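Here is how the chains run, residue by residue.
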Amino acid sequence: MKRDSGYNTKQKEKLLDYLISNKDKHVNVQTISAYMSEEGTPLGTATIYRRLDKLVEQGVVRKYVIDGKTGACYQYIDSQNNCHEHFHLKCIKCERLIHIDCGHLKGISEHIFAHHGFTVDSSKTVFYGVCSECSGADAE
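Quick caveat, the model's predicted, so the values are computed rather than measured.

Peer 1: Describe in detail a nonpolar patch on the surface, supporting the description with residues and values.
Peer 2: Taken together, the side chains of Ile-92, Tyr-128 and Val-130 present a nonpolar region at the surface, about 300 Å² in accessible area. Inspection of the secondary structure assignment puts Ile-92 in the loop between strand S3 (87-91) and strand S4 (97-100). The exposed category is assigned to Ile-92, whose relative accessible area is 58%.

In structure tokens form, the structure reads like this:
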């Protein structure tokens, strides 16, 4: 069995700390890599991908694949946050991810199933737009 070196463990801890501190955002490997380099604990992208894949398998991180052209995004799963039961709003300006529990959206899922025979996975459903802070408008 291979033991982790102290440096490797420090890198893993720093990666997890970064994900936790950015749990309200979707982050990509390039962003993580830049942060790790700035912090003096650089990690190669292949290593970051491997570590993220392990965290996804462990249920600590959620992986979002938007389309087949852009890289995946990742998000730390807060123990109090059950993403399987609500939708997400993603601000295209500040990149903040907002978890939203809304009866109207649940109704959309129910309609889609009842009338179209399709089950929506709300944990992977993200609506893109501009948040009230970035638009300067009050949320209704």
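Peer 1: Break down the side chain of Ser-33 for me, citing the residues and quoting the values.
Peer 2: Counting through the fold element by element, Ser-33 comes out in helix H2 (residues 29-38). Each residue touching Ser-33, except ones within four places of it in the same chain, is listed here: Leu-43, Thr-45 and Ile-48.

Peer 1: Hey, could you go over the sheet that holds S4 for me, with residue numbers and the actual values?
Peer 2: Spatial ordering of the open sheet is given by S4-S3-S5, a layout of three strands whose pairing is mixed. The open sheet has two edge strands with one neighbour each: S4 and strand S5 (126-129). Ignoring strand direction, the axes of neighbouring strands in this sheet form an average angle of 25°. Sheet analysis places S3 next to S4, joined by four bridges and oriented antiparallel. Opposite Phe-87, over in S4, you have Ile-100 as the bridge partner.

Peer 1: I'd like to hear about the layout of surface pockets, residue by residue, with values.
Peer 2: Of the pockets and cavities examined, the second largest pocket occupies roughly 240 Å³. As for the second largest pocket, its lining consists of 13 residues, of which Leu-89, Ile-98, Ile-100, Val-130 and Cys-131 are closest to the centre. Broken down by secondary-structure element, the contributors of at least two residues to the lining of the second largest pocket are S3, S4 and S5.

Peer 1: Tell me about the pattern of salt bridges, and please be specific about residues and values.
Peer 2: Inspection of every chain in the model, using the stated rule, returns one salt bridge. We note a salt bridge from Glu-39 to Lys-14, for which the minimum N-O separation is 3.5 Å. In this pair, Glu-39 sits in the loop between H2 and helix H3 (45-57) while Lys-14 sits in helix H1 (residues 6-21), placing the two residues 25 residues apart along the sequence.

Peer 1: Can you lay out helix H4 (residues 103-116) for me, pointing to particular residues and giving the numbers?
Peer 2: Here H4 spans 19 Å end to end across 14 residues, near enough to the 20 Å set by a 1.5 Å rise per residue. Backbone geometry just downstream of H4 places Gly-117 in the positive-phi region, at approximately 65°.

Peer 1: Quick one: what's the story with the environment of Ile-92, residue by residue and with numbers?
Peer 2: Between the alpha carbons of Ile-92 and Gly-129 there is a distance of 5.7 Å; along the sequence they are 37 residues apart. Every residue in contact with Ile-92, bar those within four places of it in the chain, is listed here: Tyr-128, Gly-129 and Val-130.

Peer 1: Describe the nonpolar core, and please don't skip the residues or the numbers.
Peer 2: Formed by 14 residues in total, the largest nonpolar core has its most connected members in Leu-19, Ile-32, Ile-48, Leu-52 and Tyr-74. If we skip the residues at most four places from it in the chain, Tyr-74 touches Lys-25, His-26, Val-27, Val-29, Tyr-49, Leu-52, Asp-53, Val-56, Val-61, Arg-62 and Lys-63.

Peer 1: If you had to explain the packing of aromatic side chains to someone new, which residues and values would you point to?
Peer 2: Evaluation of the coordinates by the stated rule reveals two aromatic pairs. When the centroid spacing of 6.0 Å and the interplanar angle of 45° are considered together, the rings of Phe-87 and Phe-127 count as tilted. A residue pair is termed long-range when its members are at least 10 positions apart, and Phe-87 in strand S3 and Phe-127 in strand S5 qualify at 40 residues. In this structure Phe-87 comes out as buried when scored by relative accessible area, which is 7%. Look at Phe-127 and you get partly exposed, because its relative accessible area is 37%.

Cut-off values and rules
- Residues numbered from 1 in each chain as written.
- Predicted model: local features only at pLDDT ≥ 70, side-chain atom pairs only at ≥ 80, totals over all residues.
- Heavy atoms only, no water.
- Patch = residues over 30% accessible without salt bridge, like charges linked within 9 Å, V, L, I, M, F, W, Y side chains within 5 Å.
- Areas by Shrake-Rupley, 256 points an atom, 1.4 Å probe, with all protein chains shown as cover.
- Salt bridge = Lys/Arg side-chain N within 4 Å of Asp/Glu carboxyl O.
- Helix = DSSP H or I, 4+ residues; strand = E, 2+ residues; numbered from the N terminus.
- Buried < 20%, exposed > 50% of the residue type's maximum accessible area, 1.4 Å probe, protein only.
- Contact = heavy atoms within 4.5 Å.
- Pairing = 2+ DSSP bridges.
- Axes fitted to C-alpha atoms, helices over the stretch in contact; angles between N-to-C directions.
- 1 Å grid on protein atoms, 1.4 Å probe; cavity = no way out; pocket = protein on both sides within 12 Å on 5 of 7 lines; lining within 4 Å.
- Points joined across faces, edges and corners; volume = space filled by probe spheres on them.
- Expected span 1.5 Å × (residues − 1).
- Core = buried A, V, L, I, M, F, W, Y, C linked by side-chain atoms within 4.5 Å.
- Phe/Tyr/Trp six-rings, centres within 6.5 Å; stacked < 30°, edge-to-face > 60°.

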